[in-house]
Amino acid sequence: MKRIGLLTSGGDAPGMNAAIRAVVRTAIYFGMEVYGIERGYSGLIEDKMMSMEMRSVSDIVQRGGTLLRTARCLEMLTTEGQKKAVSTLEKHGIEGLVVIGGDGSFRGAKALTESFGIPTIGIPGTIDNDLQYTDYTLGFDTAVNTCLEIINKLRDTMNSHERISVVEVMGRHCGDIALYAGITSGAEIIVVPEIAYDMDDIIMRINRSRSSGKHSNIIVVAEGATNSEAFAKQLQELTTYSVRATNIGHVQRGGSPTMADRMLAAQFGNKAVRLLKDGIGNRVVGIHNNEIIDMDIIEAVSMKKHFNYELYETLQMISM
Ligand code: ATP
């Protein structure tokens, strides 16, 4: 394979730039050319791309966001759109494609592979950690660390005023950000989309912590489970505590990637190009039990994400 394309798609995630760098540099190392496609599948359909050199990816390893920009593209869901994408690839002699994004983006890659025979490799780039086949997705670690920084600050002021802080984090269908941020920030309670919550039980846990000498509480809620404002209001009405809501919001998507995310980016990007170089496509890369793996893209997108109940129980045992 002499020429490959690269795009970032779906929601952005810290570490995407570092992955772009790893893909471009590895490809150049193996004597391959790389075309960077702008704004995900939209750029592919509209033929918006640039040739990427060694220096095109200088000074980006530490930057959040994606220099290729990203977009959601409805046209890619149609056969017509997919045909346009394929004709752009053919026009430029691009033989394989690396797609950095979440499961939706992988479905786009799968369509190009299944219906048109274009070899594609998916790199999991999403803060949600909502893909079952990989232990971690790119951007998740940075997003959780951003949440921790904010929760640490909230804890200071909640303690002074003896309040309850309800902190909303991202995660529409997957509670991993809430779970990991909850455990590592010392939150007493997390509310996730995977488990129905019981307000009486939550109040009982808060009362118990207060009677054992605690002055404040942290409750981390995932956006897919409840809304922090509504939840705080309900809790305020049912108790005598002072409750405050904070929605962390889009801050979670930005920022310089952590070491863990930069390392994943380097390994995922490198592995993706090595596969294409060997003529292997239709795969996604990931990490499992500390090893970089690759898996059939169709198998990967059909796996249902499992919630880690053991970690949830751990939180309940150690945070009180
Ligand atoms: P995130 O997890 O951050 O939301 P994502 O990759 O899952 O990222 P989506 O919006 O679901 O984000 O998908 C990104 C893009 O992938 C879509 O806008 C569309 O262009 C393409 N895509 C999604 N699903 C399909 C599909 N079934 N067939 C073809 N293309 C698809």
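These numbers were taken from a predicted model, which means no experiment stands behind them.

**Student:** An account of the packing of helix H7 (residues 199-211) against helix H8 (residues 228-238) is needed here, citing residue identities and associated values.
**Tutor:** The axes of two packed helices give the description: the angle between them and the distance between them. Relative orientation of the contacting elements H7 and H8 amounts to 65°, with a least axis distance of 11 Å. Between H7 and H8, the crossing angle belongs to the class labelled roughly perpendicular. The hand of the H7/H8 crossing is right-handed. In this structure, H7 uses Met-199, Ile-202, Ile-203 and Ile-206 to contact H8, whose residues at the interface are Phe-231, Gln-234, Leu-235 and Leu-238.

**Student:** Before we move on, could you go through unusual backbone geometry and cite the residues and values that matter?
**Tutor:** Of note in the backbone geometry, Asp-47 takes a positive phi value of approximately 55° without being a glycine. Unlike most non-glycine residues, Asp-59 shows phi in positive territory, near 65°. With respect to the helices and strands, the residue Asp-59 is situated in the loop between strand S3 (49-52) and helix H3 (79-91).

**Student:** How would you explain the side chain of Thr-66 if you had to name every residue and give the values?
**Tutor:** Inspection of the secondary structure puts Thr-66 in the loop between S3 and H3. Its relative accessible area of 13% is what places Thr-66 among the buried residues. Looking at Thr-66, its side chain comes within polar contact range of the side chain of Thr-8, at 2.9 Å. Thr-66 has contacts with Thr-8, Asp-12, Met-16, Asn-17 and Ile-20, leaving out every residue within four places of it along the chain.

**Student:** Mind laying out the site of the ligand, listing which residues take part and the relevant values?
**Tutor:** Around the ligand, the surrounding shell holds 17 residues, and the nearest of these are Arg-72, Cys-73, Gly-102, Gly-104 and Ser-105. In this structure, an oxygen atom belonging to the ligand sits 3.1 Å away from a main-chain N or O atom of Gly-11. Gly-104 places a polar main-chain atom, nitrogen or oxygen, 2.9 Å from an oxygen atom of the ligand. Compared with its free state, where it exposes 630 Å², the ligand has 82% of that area covered by protein. No other element matches helix H4 (residues 103-116), which puts five residues into the shell around the ligand. By residue class, the composition of the shell around the ligand is four nonpolar, nine polar and four charged.

**Student:** Tell me about H4, and name the residues and values.
**Tutor:** Taking 1.5 Å of rise per residue, 14 residues should cover 20 Å, and H4 covers 19 Å from first to last C-alpha, within 8% of that figure. Packing partners of the buried residues in H4 comprise helix H2 (40-45), H3, strand S4 (96-101), strand S5 (120-124), strand S10 (283-288) and helix H10 (297-302). Looking at the residues trailing H4, positive phi occurs at Gly-117, about 70°.

**Student:** Talk me through the sheet that holds strand S2 (residues 33-37); I want residue IDs and the actual numbers.
**Tutor:** An order of S3-S2-S1-S4-S5-S10-S11 is seen for the seven strands of this open sheet, with the pairing classed as mixed. Of all the strands in the sheet, just S3 and strand S11 (291-296) have a single pairing partner and so form its edges. The mean angle between the axes of side-by-side strands here comes to 25°, regardless of whether they run parallel or antiparallel. Pairing of S2 with S3, which is carried by four bridges, proceeds in the antiparallel orientation. Opposite Ile-37, over in S3, you have Met-49 as the bridge partner. Relative to S10, helix H9 (residues 259-277) is tilted by about 145°, and along the sheet it contacts strand S1 (3-8), S4, S5, S10 and S11.

What counts and how
- Every residue gets a number counted from 1 within its own chain, in the order that chain's sequence is written.
- Reporting of local features is limited, given that this is a predicted model, to residues whose pLDDT is at least 70; pairs of side-chain atoms are given and counted only at 80 or more, and all residues count toward the totals for whole chains, interfaces and linings.
- To get the side-chain values, all heavy atoms of the structure are used, and hydrogens and water are removed first.
- Convention adopted: a line fitted to C-alpha atoms gives each axis, helices being fitted over their contacting stretch, and angles between N-to-C directions are expressed from 0 to 180 degrees.
- Counting from the N terminus, the helices are the DSSP runs of H or I reaching at least four residues and the strands are the DSSP runs of E reaching at least two.
- An angle below 35 degrees is read as roughly parallel, one above 145 as roughly antiparallel, one from 65 to 115 as roughly perpendicular, and any other as oblique.
- Each crossing gets its handedness from the near helix: less than a right angle anticlockwise from the far helix is left-handed, clockwise is right-handed.
- Contact criterion: two residues are considered in contact whenever any of their non-hydrogen atoms come within 4.5 Å of each other.
- For each residue, the accessible area found with a 1.4 Å probe, counting protein chains only, is set against the maximum for its type, and the residue is called buried under 20%, exposed over 50%, and partly exposed in between.
- Any pair of nitrogen or oxygen atoms within 3.5 Å is treated as a polar contact; in protein, a donor-acceptor pairing is required on top of that, and neighbouring residues in sequence qualify only through side-chain atoms on both sides.
- A molecule or strand has a residue near it when one of that residue's heavy atoms lies within 4 Å.
- Residue burial considers only the protein chains on display, and all accessible areas are found by Shrake-Rupley using a 1.4 Å probe.
- Here the term charged refers only to Asp, Glu, Lys and Arg, the term nonpolar to Ala, Val, Leu, Ile, Met, Phe, Trp, Tyr, Cys and Pro, and the term polar to all other amino acids, Gly among them.
- Multiplying 1.5 Å by the helix residue count minus one yields the expected span of that helix.
- In this scheme, strands are said to pair when DSSP sees at least two bridges between them.

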